[in-house]
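# Coordinates in review
So the chains spell out like this:
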Amino acid sequence: MSPAGETGTSSTPPRANAPVHGASKIESTPNSRGASVVSENIGVLGAKVKKVRPWIQRDIEQVKECKADAMLQALLQRASSTPETKQLDLLEKCLKAVLPVCNGQASTALVKSSDVETALNEYVRPGVENKFYGPFIRATNIALACLEEIKVDGMRAPVPAVDMICQQNDMHQNHQTAKSTRKPDLVILPFNSACAPFEDEKGGKGIQKDDEKDDEKRKKKRKAHMNTNATAKPKNLPWKDILACIEFKRKTPGKTKGINPPPPSYTVTDYVPTKPEYLPVDHLKAEDTVPVPSQTPATQPASDTARE
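First, a word on what this report is: a plain description of the structure on this page.

## Looking at the overall build of the protein chain
- Summing up its helical and strand segments, the protein chain has eight helices and five strands in all.
- For the protein chain, the α and β elements follow one another from N to C terminus as α-α-α-α-α-β-β-β-β-α-α-β-α.
- Here the protein chain holds 308 residues, and 32% of them are scored as buried.
- For the protein chain, long-range pairs separated by at least 24 residues make up 77% of all intrachain contacts whose partners lie at least 6 apart in sequence.
- Put simply, the protein chain shows about 19,700 Å² of open surface, and 54% of that area lies on carbon and sulfur atoms.

## Description of the pairing of strand β4 (residues 186-190)
- β4 sits mainly inside the fold: five of its five residues count as buried.
- Here strand β1 (residues 164-168) pairs with β4 via five bridges, running antiparallel. Its bridge partner lying in β4, Met 164 is registered against Pro 190.

## Focus: the pattern of salt bridges
- Counting across every chain of the model gives six salt bridges.
- Across the pair Glu 122 and Arg 138 runs a salt bridge, and its minimum N-O distance is 2.6 Å. Within this pair, whereas Glu 122 is found in helix α4 (residues 114-123), its partner Arg 138 is found in helix α5 (residues 130-148), the two being separated by 16 residues in sequence.
- Overall, the relative accessible area of 32% leaves Glu 122 in the partly exposed class.
- Assessed through its relative accessible area of 33%, Arg 138 is described here as partly exposed.
- Here Asp 163 ties to Arg 218 by a salt bridge, and the two come within 2.9 Å at their closest N and O atoms. Here the residue Asp 163 occupies a position in the loop between α5 and β1, and Arg 218 occupies one in helix α7 (residues 215-227), the gap between them amounting to 55 residues. In terms of burial, Asp 163 and Arg 218 fall into one category: buried.
- Here the salt bridges do not stand alone but share partners, grouping Glu 148, Asp 163, Arg 218 and Arg 222 into one network.

## Quick word on the environment of Asn 141
- Positionally, Asn 141 belongs in helix α5.
- Assessed through its relative accessible area of 1%, Asn 141 is described here as buried.
- The spacing of Asn 141 and Ile 165 is 24 residues in sequence and 6.0 Å in space, taken between C-alpha atoms.

## Regarding helix α3 (residues 90-102)
- Taking 1.5 Å per residue, 13 residues should reach 18 Å; α3 reaches 18 Å between its end C-alpha atoms and fits that length.
- Looking at the buried residues of α3, the elements they touch are α2 (68-78) and α5.
- One or two steps after α3, the chain reaches Gly 104, where phi turns positive at roughly 70°.

## Quick notes on α4
- Residues of α4 that are buried: Val 116, Ala 119 and Tyr 123. End-on view of α4: buried residues confined to an arc of 70°, all on one side of the axis.
- The secondary structure elements touched by the buried residues of α4 are α5.

## A short note on the environment of Leu 120
- The residue Leu 120 is located in helix α4 in this model.
- The class for Leu 120 is partly exposed, based on a relative accessible area of 25%.
- Along the primary structure Leu 120 and Pro 135 are separated by 15 residues, whereas in three dimensions their C-alpha atoms are 6.4 Å apart.
- Among residues more than four places away in sequence, those in contact with Leu 120 are Ala 139 and Pro 262.

## Describing the nonpolar core
- Val 111, Ile 142, Cys 146, Ile 165, Leu 189, Met 226 and Leu 237 are the most contacted members of the largest nonpolar core, which totals 19 residues.
- Broken down by element, this core gets its largest block of residues, four residues, from α5.
- Excluding residues that lie within four positions of it along the chain, Val 111 makes contacts with Ile 142, Ala 145, Cys 146, Lys 223 and Met 226.

## Overview of the sheet that holds β4
- Read from one edge of the open sheet, three strands run β1-β4-β5, paired in antiparallel fashion. Edge positions in the sheet fall to β1 and β5 (244-246), since each of these pairs with one other strand and no more. Each neighbouring strand pair of the sheet contributes to a mean axis angle of 30°, computed without reference to strand direction.
- The strands touched by α5 are β1, β4 and β5; relative to β1, the strand with the most contacts, the crossing angle is about 175°.

## So, the side chain of Thr 108
- Within the element layout of this structure, Thr 108 appears in the loop between α3 and α4.
- Residue classification places Thr 108 among the buried positions, given a relative accessible area of 18%.
- Side-chain polar atoms of Thr 108 contact the backbone nitrogen of Leu 110, separated by 3.0 Å.
- Among residues more than four places away in sequence, those in contact with Thr 108 are Ala 145, Cys 146 and Glu 149.

Thresholds, definitions, all that
Residues numbered from 1 in each chain as written. Predicted model: local features only at pLDDT ≥ 70, side-chain atom pairs only at ≥ 80, totals over all residues. Heavy atoms only, no water. Helix = DSSP H or I, 4+ residues; strand = E, 2+ residues; numbered from the N terminus. Buried < 20%, exposed > 50% of the residue type's maximum accessible area, 1.4 Å probe, protein only. Contact = heavy atoms within 4.5 Å. Areas by Shrake-Rupley, 256 points an atom, 1.4 Å probe, with all protein chains shown as cover. Pairing = 2+ DSSP bridges. Salt bridge = Lys/Arg side-chain N within 4 Å of Asp/Glu carboxyl O. Expected span 1.5 Å × (residues − 1). Arc of directions from axis to C-beta. Core = buried A, V, L, I, M, F, W, Y, C linked by side-chain atoms within 4.5 Å. Axes fitted to C-alpha atoms, helices over the stretch in contact; angles between N-to-C directions. Polar contact = N/O pair within 3.5 Å; in protein donor to acceptor, adjacent residues only side chain to side chain.

What follows is the structure, given as structure tokens:
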């Protein structure tokens, strides 16, 4: 990812006549980089793929590294009320704004952020994979509900039509005559999309157009879904509105002994990188490619140290 404010190469649309440089030599997707959290409790391995499309290959070949705070600053800048105007203090403001949620001091009509710690303490216990789904979903949805209430100067307001929620999936998807080869454990998607499969089973109806402005009804419905259906496996959850997929992996010691619990409190401090900080991507060595000079900018809009 390019740091905020940098004009660089990003994801590009498909090109029918795009040349495939060394496509036969790509055997796996890149491992986790600085843009992803690397945990000592999971084994991070590239997933084997039969073919990588040209525009995806270009992004892999042209990938650049940046510090975690530069990545966060870039993401926040894109979601800000003025994406084209640099706000160099945006990351600092957002980190301070979410501290009450992290420290269990925030509450809404739906939830209390102190329940995040309760769910995480259950999540870190030893057990089999599917036992981790429920506490993770609860912690995520409580945090999302609290974050929706936070207002930060310079950031856009939440979009009611999206209203993100974390939902158990753990199912394949059928499209026409094809069946998916993967079944993500959890997904993040719009609230109405998460509710639809359960309403179809009961013959119920979602929030009608006239009710969309009724915030109280929406909150009650969300609370009920969070308490029951969010941690249930839907029979037919269309993937058309999926915003993110989450796959669980934990090494054997984490399954048998558990993992470290969350700290009692959080502060905004200098970031201490994990070891390794990221796993490198080996650049392709096709015969018809030449080395590309580093495109790392001399300066970054965010500082060189990231924060928790």
